[in-house]
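Structure assessment
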Amino acid sequence: MERWQNKIAVVTGASAGIGAATCKALVEKGMIVVGLARRLEKMENQTRLLIEEQYRKNFHSYKCDVGNEESVKEAFAWIDRTFGGIHVLINNAGVCPKSSLLAADNSQAINAVVNTNLLAVVWCTREAFRIMKQHNFDGHIILVNSLAGHKIPHTPGFSFHIYAPAKHALTAMTEVLRQDFLTEGTKIKVTSISPAGVLTEIVSDVSFLAEGPILKTEDIADAIVYCIQTPPHVQIHDMIIRPVGDTT
């Protein structure tokens, strides 16, 4: 992690779950971390609980609704003005409300998933890329994907509705971004990390996940650290993570 000492990492969805665990892991590895989330007070309280006092000076929080393009633009402009660049972006924010593609009046749930899980990744990656290129830094973009972005488990009584299609789009987006970064003449890396069930707020009401083998948020944070500390010539394109005994 020597390359990233005192460099700027931005983590979306930093108020809980994988996002909060990743903030903790990165500050402890010597990075300066900016957490983005809608729930500013919860993010600050959560990180105070997770991050040891000696590292807290390297964590900064900023209120941002990544599902809103103007909010994303404003947040990334503030980060660039305040810290002078971005070196690593962790696209982690995600929602999975209970719904189905056939449910009546499902527009709010469907739009929330598309905006937060898909369009937010486009907007945040675009803004981070522009800042990285402006400062001539070959950074790293992480997309927190899902096993549901590669296969859709058959789960009676539960619908992956637009969540799985949006995650499949992230799988495709990873390759499109890799090609676009090459076209732009940069060496910016992109990595998709696709875990099976992780014990977070998203799955708290999903019994088939909560009752079976499940990953911890720290497992995914460790995977993110592993991916970004690879040598400059090594790019992990897609990492799939399952708990031992997983049958989904």
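Use the structure listed above.
Residues numbered from 1 in each chain as written. Predicted model: local features only at pLDDT ≥ 70, side-chain atom pairs only at ≥ 80, totals over all residues. Heavy atoms only, no water.

Concerning the overall build of the chain
Rules: The numbering of helices and of strands both runs from the N terminus, where a helix is a DSSP run of H or I of at least 4 residues and a strand a run of E of at least 2. Working definition: with a 1.4 Å probe on protein chains only, accessible area under 20% of the residue-type maximum means buried, over 50% means exposed, and in between means partly exposed. By the convention used here, residues are in contact when the closest approach between their heavy atoms is within 4.5 Å. Under the convention used here, a 1.4 Å probe and the Shrake-Rupley method define accessible areas, while residue burial counts only the protein chains that appear.
Along its length, the chain carries seven helices and seven strands. Walking the chain from its N terminus toward its C terminus, one meets helices and strands in the order β-α-β-α-β-α-β-α-β-α-β-α-α-β. Along the longest, intermediate and shortest principal axes, the C-alpha atoms of the chain span 50 × 45 × 35 Å. Taking all 248 residues of the chain together, 52% fall into the buried category. Once local pairs closer than 6 in sequence are excluded, the contacts in the chain between residues at least 24 apart make up 73%. Approximately 11,800 Å² of the chain is accessible, and the part contributed by carbon and sulfur atoms is 51%.

Here's the deal with the pattern of salt bridges
Formally: What makes a salt bridge here is a side-chain nitrogen of Lys or Arg within 4 Å of a carboxyl oxygen of Asp or Glu, nothing more.
Tallying each qualifying case throughout the model produces seven salt bridges. Ionic pairing is found between Lys 73 and Glu 70, a salt bridge with its closest N-O pair at 3.7 Å. Of the two residues, Lys 73 and Glu 70 are both situated in helix 3 (residues 69–83); the distance of three residues between them amounts to about one turn of the helix. Looking at Lys 73, the relative accessible area reads 33%, which means it is partly exposed. Each member of the salt-bridge network shares a partner with another, and the members are Glu 69, Arg 126 and Glu 127.

Concerning the nonpolar core
Threshold: Only buried residues count toward a nonpolar core. Its members are Ala, Val, Leu, Ile, Met, Phe, Trp, Tyr and Cys residues joined through side-chain atoms within 4.5 Å.
One finds Val 10, Leu 36, Phe 76, Ile 141 and Leu 143 to be the most contacted residues of the largest nonpolar core, which totals 42 residues. No other element matches the eleven residues that helix 4 (residues 107–134) contributes to this core. In contact with Val 10, other than residues within four places in its own chain, are Val 34, Leu 36, Phe 76, Ile 79, Ile 86, Val 88, Leu 89 and Ile 90. If you look at the next biggest cluster of nonpolar residues, it comprises 35 residues, including Ala 9, Leu 26, Val 88 and Val 144.

Considering the environment of Gly 139
Here Gly 139 lies in the loop between helix 4 and strand 5 (140–144). Along the backbone, Gly 139 and Gln 54 are 85 residues apart, and their C-alpha atoms lie at a distance of 26 Å. Each residue touching Gly 139, except ones within four places of it in the same chain, is listed here: Trp 4, His 87, Met 132, Lys 187, Ile 188 and Lys 189.

Overview of the pairing of strand 1 (residues 8–12)
Selection criterion: One bridge is not enough; two strands pair if DSSP finds at least two bridges between them. A clockwise course of the path from the first strand over the helix to the second, judged with the strands pointing away from the viewer, identifies a crossover as right-handed.
Burial within strand 1 is extensive, with five of its five residues counted as buried. Residues Ile 8, Val 10 and Thr 12 line one face of strand 1 and the alternating positions Ala 9 and Val 11 line the opposite face, and both faces are buried. Examined bridge by bridge, strand 1 and strand 2 (residues 32–37) share five bridges and lie parallel to one another. Residue Ala 9 lies in a different strand from strand 2, and its bridge partner there is Val 33. Of the crossover connections in this fold, the one passing from strand 1 over helix 1 (residues 17–28) to the parallel strand 2 is right-handed. As defined by bridge partners, strand 1 adjoins strand 4 (residues 88–91) across three bridges and the pair is classed as parallel. When the sheet's bridge partners are listed, Val 11 is paired in strand 4 with Ile 90.

A closer look at the packing of aromatic side chains
To keep things clear, this is the line we draw: Pairing of aromatic rings covers Phe, Tyr and the six-membered ring of Trp, with a centre-to-centre limit of 6.5 Å; geometry is then stacked below 30 degrees between planes, edge-to-face above 60, and tilted otherwise.
Within the structure shown, the criterion is met by five aromatic pairs. Their ring planes at 80° and their centres at 5.7 Å tell us that Trp 78 and Phe 83 sit as a pair that is edge-to-face. A relative accessible area of 22% places Phe 83 in the partly exposed class. Here Phe 158 and Phe 160 contribute two aromatic rings whose centre-to-centre distance is 5.0 Å and whose plane-to-plane angle is 90°, an arrangement assigned as edge-to-face.

Observations regarding the environment of Pro 156
Residue placement: Pro 156 occurs in the loop between strand 5 and helix 5 (163–183). Along the sequence, Pro 156 and Pro 243 sit 87 residues apart, while their C-alpha atoms lie 21 Å from each other.

A few points about the sheet that holds strand 1
We count it as follows: Axis definition: a line fitted to C-alpha atoms, over the contacting stretch in the case of helices. Angles run 0 to 180 degrees between N-to-C directions.
Ordered by their spatial adjacency, seven strands build an open sheet running 3-2-1-4-5-6-7, and the pairing between neighbours is parallel. Of all strands in the sheet, those bounded by a partner on one side alone are strand 3 (59–63) and strand 7 (238–241). Between one strand axis and the next, the sheet turns by 15° as a mean value, whatever way the strands run. Both strand 6 (residues 189–195) and strand 7 contribute to a ladder of four bridges, which runs parallel. Bridged to Ser 192 within strand 7 is Asp 238. Sheet strands in contact with helix 2 (residues 40–50) are strand 2 and strand 3, and its direction is about 165° off that of strand 3. Lying over the sheet, helix 4 contacts strand 1, strand 4 and strand 5, oriented at roughly 180° with respect to strand 4.

Remember, this is a structural readout, not a statement about activity or role.
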